[in-house]
Amino acid sequence: QVQLVESEGGLVQAGGSLSLSCAASGSIISINGMGWYRQAPGKQRELVAAFTSIGSTNYADSVKGRFTISRDNAKKTVYLQMDSLKSEDTAVYYCYAHLWGTGVGWRDYWGQGTQVTVSS
C-alpha cells in the first residue's frame, strides 16, 4: 500500500524558516510528479510547489523566491524549504504524488497534511 508520510510542520515567527519533507513508501513502480499543496482556513487547496513529469518545477507566484522544492529520487522523498515566511503562509500543507503503484496503475496520492503556522 502506497503512503505519503510528511514531516511535522510547526509554529514559526514571520521572517523565519521551516523545512518539510515527504517520503513515499510502498510498492511504487514510478513517480510522475510530486510536490506540495496547501489549504488555509476558508480557502481552496492550492499548489505551492511541485516537480512535473519532466522534472521541471512549478511554484505559486506567492512563494517564488522564498520557497524551494527539492527531491531525492532514490529515497522517493521531496522537500520544501520555506524561508522568509509570512503570516499568509499559514495553512495545512499536503504532500502530493502522481505515481504508479503495483497492481493499481497511475493514481493520485495525498499525505495526511501538516500544519504550518506563521505568527506575525
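See the structure shown above.
Quick caveat, the model's predicted, so the values are computed rather than measured.

Visitor: Describe in detail the packing of aromatic side chains, supporting the description with residues and values.
Guide: Evaluation of the coordinates by the stated rule reveals four aromatic pairs. For the pair Tyr 37 and Tyr 96, a centre-to-centre distance of 5.7 Å together with 70 degrees between the ring planes defines the contact as edge-to-face. Taken together, the residues span a long stretch of sequence, with Tyr 37 in strand β4 (residues 28-39) and Tyr 96 in strand β9 (residues 91-101) at a distance of 59 residues. Using a relative accessible area of 22% as the deciding quantity, one classes Tyr 37 as partly exposed. Ring centres of Tyr 96 and Trp 110 lie 5.1 Å apart, and the angle between their planes is 50 degrees; on these two criteria the pair is classed as tilted. Taken as a pair, Tyr 96 in strand β9 and Trp 110 in strand β10 (residues 105-110) lie far apart in primary sequence, 14 residues in all. Residue classification places Trp 110 among the partly exposed residues on the basis of a relative accessible area of 37%. What links up through ring pairs into an aromatic cluster is the set Tyr 37, Tyr 96 and Trp 110. Note that Arg 45 overlies the ring of Tyr 94, its terminal NZ or CZ placed 3.7 Å from the centroid. Stacked on the ring of Trp 110, the Lys or Arg Arg 45 has its end atom at 4.6 Å from the ring centre.

Calculation notes
Residues numbered from 1 in each chain as written. Predicted model: local features only at pLDDT ≥ 70, side-chain atom pairs only at ≥ 80, totals over all residues. Heavy atoms only, no water. Phe/Tyr/Trp six-rings, centres within 6.5 Å; stacked < 30°, edge-to-face > 60°. Helix = DSSP H or I, 4+ residues; strand = E, 2+ residues; numbered from the N terminus. Buried < 20%, exposed > 50% of the residue type's maximum accessible area, 1.4 Å probe, protein only. Lys NZ or Arg CZ within 6 Å of the ring centre and 35° of its normal.

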